[in-house]
Amino acid sequence: MSTLTDEIFSQLSRADVQQIGAQLGTGQAQTAGAIAAALPMILGAMGRNTAQPQGAEALLGALGRDHASGGGIGDILGAVLGGQQGRQTDGLGQLGHIFGGQLPRAETGLGQATGLGGDKAQMLLKILAPIVLAYLAKRMFGGAQQGPGNAQALGDILGQERAVQQQQGGLGGGLLGAVLDQDGDGQLGLDDLLKMGGSFLGGGR
């Protein structure tokens, strides 16, 4: 089954990944690996936020208002990297809504586990958040899925994504658990992730 993470990742061309890497100062393999770890974190955090109907309605409203008229992923990436200002490209503002007070923990975890460091991890998340929102807006408003009950449909697909990523484990799913689940429910801690990140950077994704 193709996950949202897979679908978004597959829409990023090699040139897109190179552009992101140029911004971060990282090579193609490290950039691609970091993107693959960051996307499940963003989508999983959104899945937690939309588990409540009011959270799903708020996100759906934001998608319709700020993102439904945007172009494809390449267009959004170009706008973000080109420094265009606007609600569509405000990655930091979007991350505040997505992660809330856990954003510093998300940046630290991603930075340590992928070798990017906190500053570059924040930069990557700021680049990816507008891309994820543009993709979701296209999915929710770009075809037959438009109509009543959209908020529930949005909550369902994001909740399913969160569950799948945490089940699959791997670096992205593990990071998601370490960042979002701090209630001692047996999820991986950041120390475990650093070990996992070491093997991941050695090619063992």
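Just so it is clear, the structure is predicted and the values come from calculations on it, not from any experiment.

Within the protein chain one finds 11 helices and zero strands. Taken from the N to the C terminus, the helices and strands of the protein chain come in the order α-α-α-α-α-α-α-α-α-α-α. In the protein chain, buried positions account for 47% of the 205 residues. Considering only residue pairs separated by 6 or more positions, the protein chain has 72% of its internal contacts joining residues 24 or more positions apart. Carbon and sulfur atoms make up 48% of the accessible area of the protein chain, which amounts to about 9,200 Å² in all.

If you trace the backbone, Thr 89 turns up in the loop between helix 5 (73-81) and helix 6 (91-99). Within the local environment of Thr 89, its side chain forms a polar contact with the backbone oxygen of Gln 84, the two atoms lying 2.6 Å apart. Residues contacting Thr 89, with those up to four places away along its chain left out, are Ala 79, Val 80, Gln 84, Gln 94 and Pro 130.

This part takes up the confidence of the model for the protein chain. Looking at the protein chain as a whole, the pLDDT averages 85, with 84% of positions reaching at least 70. Across the protein chain, element-level confidence peaks in helix 2 (residues 14-24) with a mean pLDDT of 96 and bottoms out in helix 11 (residues 190-201) with 48. Contacts for the low-pLDDT stretch residues 183-188, under 50 throughout, to residues beyond four places or in other chains number eight contacts. Low pLDDT (under 50) marks residues 196-205, which in the prediction has 16 contacts with non-local residues, meaning those over four places away or in another chain.

Within this structure, the stated rule accounts for three salt bridges. Salt-bridge contacts for Glu 7 lead to Arg 139; the nearest nitrogen and oxygen are separated by 3.2 Å. Of this pair, Glu 7 sits in helix 1 (residues 4-11) while Arg 139 sits in helix 8 (residues 118-141), placing them 132 residues apart in sequence. By relative accessible area, which is 24% here, Glu 7 ends up partly exposed. Taken together, the salt bridges that share partners define one network made up of Arg 65, Asp 66 and Arg 87.

This part is about the packing of helix 4 (residues 53-67) against helix 8. Between helix 4 and helix 8, the shortest axis-to-axis distance is 9 Å and the interhelical angle comes to 95 degrees. Classed by the angle they form, the pair helix 4 and helix 8 counts as roughly perpendicular. Counted together, Leu 59, Leu 60, Leu 63, Gly 64 and His 67 of helix 4 and Leu 133, Ala 134, Leu 136, Ala 137, Met 140 and Phe 141 of helix 8 form the full contact between these two elements. In terms of residue class, the contact of helix 4 with helix 8 is made up of nine nonpolar, two polar and no charged.

With that settled, the discussion passes to the side chain of His 67. Along the chain, His 67 turns up in helix 4. We classify His 67 as buried; its relative accessible area is 6%. The contact partners of His 67, leaving out residues within four places of it in the chain, are Ala 62, Arg 87, Gln 88, Gln 94, Leu 133, Ala 134 and Ala 137.

Rules and cut-offs
- Residues numbered from 1 in each chain as written.
- Predicted model: local features only at pLDDT ≥ 70, side-chain atom pairs only at ≥ 80, totals over all residues.
- Heavy atoms only, no water.
- Helix = DSSP H or I, 4+ residues; strand = E, 2+ residues; numbered from the N terminus.
- Buried < 20%, exposed > 50% of the residue type's maximum accessible area, 1.4 Å probe, protein only.
- Contact = heavy atoms within 4.5 Å.
- Areas by Shrake-Rupley, 256 points an atom, 1.4 Å probe, with all protein chains shown as cover.
- Polar contact = N/O pair within 3.5 Å; in protein donor to acceptor, adjacent residues only side chain to side chain.
- pLDDT = per-residue confidence, 0-100.
- Salt bridge = Lys/Arg side-chain N within 4 Å of Asp/Glu carboxyl O.
- Axes fitted to C-alpha atoms, helices over the stretch in contact; angles between N-to-C directions.
- Parallel < 35°, antiparallel > 145°, perpendicular 65-115°, else oblique.
- Nonpolar A, V, L, I, M, F, W, Y, C, P; charged D, E, K, R; others polar.

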